[in-house]
Amino acid sequence: ASDYRLTVTSPGNYSVTRLSDNTTFPTYSGLPIHVDGMVLNFSTTPATGDVFSIQPVRLGATNISVAITQGNQIAAGSPIQATLGGTNAGSLSIGNLGLQPLPANPNAALTTPVALTFSSPSTFTANASVTVGATTYSAGQTVSYVAGQPIAANGWSLTLNGVPASGDTVNVAPGTVGSNDNRNALLMGQLQSQAIVSGSTLAGAYSAVVADVGAVASTAQTDQSSKDAILTNATTAQSSVSGVNLDEEASKLMQFQQQYQAAAKLIQTADTVFNAILAVAGGA
């Protein structure tokens, strides 16, 4: 789960850097480029100094949908199977048969049958090229047998246990019967404990994403509450300076009304006294 940067260092030479850990792979000469399960190619020749940003999983979840609706559509069984020869006389047994990681050659003949024939308890030959340890043997070449040591060919890896007898055989061929075969399902189940997402397991990576989203959401909510409090205080301060307090204005209005009534009463009293004086003066 990483982005990559591809740089054209010189004509026909390319440098690839995995940005999640800044790992730069050895310079690639020629195309296509095989790196971390990707196959990179160009439709036209790029120029020296060109830089490309590669985001193989950035939009990986955009189009996720349910593709199967029946349990029998799950590829629970392995596409290949190993069988012992019917006339085997030794104690040879099959330890494990599994698929290798995506090979450098994506056209590996996974379904091509391979037969191992033991010429002695410690040697065998194969009808195809096989790899044991760090050595690759051609078809028909004698190979040393060590119990438990992986034997790889055509994109699969096989381990055998026990002691074979001269003439014993082991055949690896495409699987034909899926019933009672859950090897692929078991391998898929093991993905939950493998560090395949930036060094974390699927569950760990999911938990980290949920925790990050929760932390960001909590911070945003706290920030919003703080900003709301600041806004409320600012609004209150503004209102105390420029706003109108209706209760206070109503109280002042009542006060002015009472003052007006008192002034009117005073004028009325003065008018009555003045008229009385005029009446007394006229009678005299």
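All of these numbers come straight from a predicted model, not from anything done at the bench.

Here is what the cut-offs are and how they apply
- Residues numbered from 1 in each chain as written.
- Predicted model: local features only at pLDDT ≥ 70, side-chain atom pairs only at ≥ 80, totals over all residues.
- Heavy atoms only, no water.
- Helix = DSSP H or I, 4+ residues; strand = E, 2+ residues; numbered from the N terminus.
- Buried < 20%, exposed > 50% of the residue type's maximum accessible area, 1.4 Å probe, protein only.
- Polar contact = N/O pair within 3.5 Å; in protein donor to acceptor, adjacent residues only side chain to side chain.
- Contact = heavy atoms within 4.5 Å.
- Phe/Tyr/Trp six-rings, centres within 6.5 Å; stacked < 30°, edge-to-face > 60°.
- Pairing = 2+ DSSP bridges.

Draft legend 1. Looking closely at the side chain of Thr-17. Positionally, Thr-17 belongs in strand 2 (residues 13-18). Classification of Thr-17 as buried rests on a relative accessible area of 7%. Polar contacts involving the side chain of Thr-17 include one to the side chain of Thr-24, which spans 3.1 Å. Apart from residues no more than four positions distant in its own chain, Thr-17 is found in contact with Asp-3, Tyr-4, Arg-5, Asn-22, Thr-23 and Thr-24.

Draft legend 2. Local environment of the packing of aromatic side chains. Inspection of the entire model under this criterion finds 4 aromatic pairs. Here Phe-42 and Phe-52 contribute two aromatic rings whose centre-to-centre distance is 5.0 Å and whose plane-to-plane angle is 55°, an arrangement assigned as tilted. Separated by 10 residues along the polypeptide, Phe-42 in the loop between strand 6 (38-40) and strand 7 (51-54) and Phe-52 in strand 7 bring together distant segments of the chain.

Draft legend 3. Region of the structure containing the sheet that holds strand 8 (residues 80-84). If you walk across this open sheet you meet the 5 strands as 8-17-10-11-14, and the pairing is antiparallel. Unpaired on one side and paired on the other, strand 8 and strand 14 (143-144) mark the two borders of the sheet. In this sheet, strand 17 (residues 169-174) lies alongside strand 8 in antiparallel orientation, the contact comprising 5 bridges. Within strand 17, the residue paired with Thr-83 across the bridge is Asn-171.

Draft legend 4. Fine view of the pairing of strand 10 (residues 114-120). Judged from the 4 bridges that link them, strand 10 and strand 17 form a sheet pairing that is antiparallel. Residue pairing across strands places Ala-115 opposite Asn-171, the latter belonging to strand 17. As paired strands, strand 10 and strand 11 (residues 123-126) are joined by 4 bridges and run antiparallel to one another. The partner of Leu-116 across the bridge, within strand 11, is Ala-126. Between the antiparallel neighbours strand 10 and strand 11 lie 2 residues.

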